[in-house]
Each structure stands twice: as C-alpha cells, then as structure tokens.
Amino acid sequence: MEVYNTLSDFYGPTGWWPGETPFEIAIGAILTQNTAWTNVEKAIENLKKEDLLNPYKIIQCDRNQLEQAIRPSGYFRQKAERLIIFCKYLIEKYDGKIEKMAHKNISELRNELLNIKGIGPETADDILLYACGHRIFVVDAYTRRIFSRHGILDEKLNYNEIQNYFHTYLPQDVYIYKEYHGLIVWTGKDYCRKIPKCSQCPLNKYPIFNCEKGG
Ligand code: SF4
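Residues numbered from 1 in each chain as written. Predicted model: local features only at pLDDT ≥ 70, side-chain atom pairs only at ≥ 80, totals over all residues. Heavy atoms only, no water.

A word on the packing of aromatic side chains
Moving on, step 1. For the structure shown, the criterion picks out 18 aromatic pairs.
Moving on, step 2. On the basis of an interplanar angle of 90 degrees and a centroid distance of 5.1 Å, the ring pair of F147 and F166 is categorised as edge-to-face. Residue F147 is found in helix α10 (residues 141–149), and its partner F166 is found in helix α11 (residues 159–169); the two are separated by 19 residues along the sequence. With respect to class, F147 is no different from F166; both count as buried. (Phe/Tyr/Trp six-rings, centres within 6.5 Å; stacked < 30°, edge-to-face > 60°. Helix = DSSP H or I, 4+ residues; strand = E, 2+ residues; numbered from the N terminus. Buried < 20%, exposed > 50% of the residue type's maximum accessible area, 1.4 Å probe, protein only.)

A closer look at α11
Because the α-helix completes a turn every 3.6 residues, residues three or four places apart line up on one side.
Moving on, step 1. Those residues of α11 not exposed but buried are Y159, I162, Q163 and F166. The buried residues of α11 occupy an angular sector of 100 degrees when projected down its axis, which confines them to one face. Looking at α11, the residues exposed on the side facing more than 90 degrees away from the buried face are T168 and Y169.
Moving on, step 2. Where α11 is buried, its residues contact α8 (106–114), α9 (121–131), α10 and α12 (174–190).
Moving on, step 3. A side-chain oxygen of the first residue of α11 lies 3.1 Å from the backbone nitrogen of N160; this N-cap is N158. (Arc of directions from axis to C-beta. Contact = heavy atoms within 4.5 Å. Polar contact = N/O pair within 3.5 Å; in protein donor to acceptor, adjacent residues only side chain to side chain.)

Some words on the site of the ligand
Moving on, step 1. Every residue close to the ligand is listed here: I146, R149, H150, Y191, C192, P196, C198, C201, L203, N204, I208 and C211.
Moving on, step 2. Residues of the shell around the ligand, tallied by class, amount to 9 nonpolar, 2 polar and 1 charged. (Near = heavy atom within 4 Å. Nonpolar A, V, L, I, M, F, W, Y, C, P; charged D, E, K, R; others polar.)

Here it is as structure tokens:
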C-alpha cells in the first residue's frame, strides 16, 4: 500500500481501464495482448467507426473488414480469430451481455475464460476486474519488472504467486485493485522501461536492486 500511495499521490486517479462499456473493455483486453495501448486505441476507434463494437456484428461481419479494423493492434489475423471466439462464447452463454456474464461466480467464470482459446490469466483477469467488477488483481509484465527491480518480488515467480502476493497484502477493495494496476501501467510506460528512467520516477525513493542501466 505504501507503493500504491506513492504512485497515487504522484499521478492522481488513473481511471484505468479506458473504455465506455464493459464490452469495449473486454475487447480492449484481448487487443492489448503484445502491443502498446496507443495501438489498441486506434483499433477500437476503427471498430467504432465501422460500427463493429458489438458481439453480434463481430461474428457476422466480413472477416477481412474485422482484420483491417483491428490491424493497428498487431497480430490482427490472430486477434480477429480471438475476438470472434470470445464473442461466440459471450453470445452462446450470456446472450452477448457482459453484464449477464458478470453475475457468475468469479472462480467458475475465470475457469471458463481460461478455457477460451487465446485468453490467458492476464486477459482473463483484465476482463474479470474491469469489465465485470470482480475483485481480482491483474499481473502484467510491468508488475513483475517494477516489483522485482525493487527486490520486493522475485522475478521468477509465476503469475499466480505474484497475484497471491497482492491478494494477501492489499485491502479487499475493487477500486484499489483497478487503480493499482493502472498506476503500475503508467509507471511502467513512463519510467520503468527496459532502460529505466529512475531519476525522474516517483518510486526512486525505495531501494533499487537488479536494475543495471538505471538513469
Ligand atoms: S524506473 Fe527505477 S525507480 Fe522507477 S519503478 Fe523502475 S526501477 Fe523503480
């Protein structure tokens, strides 16, 4: 919580995750795999322009139209397939409504999501936390990097171990979980890059280990 408070004082509320509807958030969670958020924004903008931000339209539209719309997010053929698979699941099980899906028990829903092709733990947890409002902490590459560089977590811990750490030490509060991940994303993007910019970073008041080229 000390790290959270430091980042929160520095940045203020992040309002993470960006998205006007739970469905848009879920689509963004799939599109952001292996790419920067700025590329996802362009892809989502295209989906809106083409009036495709709807599960029924995504499965019914011409495949090439969908691929071209999401092209800025990279791996567009693979991601188009993943969006279609996710939308089919959403339609078949929950009438195309994230709000209906969100009523399901979190552990059952997480298992369902993890069984969908192309959805791993980070994407599943993004959807659970930000689209469904379930209390689950999202671990991303920045989380691993920031907390291992400060010697708080071992870089080699797996996803679940890192997640358990946050679940153990944070208050059980969805708002804090949402904001904390947003703050980590912003810190990673602004400062804790491959070559970190420690001298300007709000977390430089904490001891830094395992960080060779810090500047
Ligand atoms: S940039 Fe430096 S101070 Fe900031 S989080 Fe990364 S290692 Fe820590």
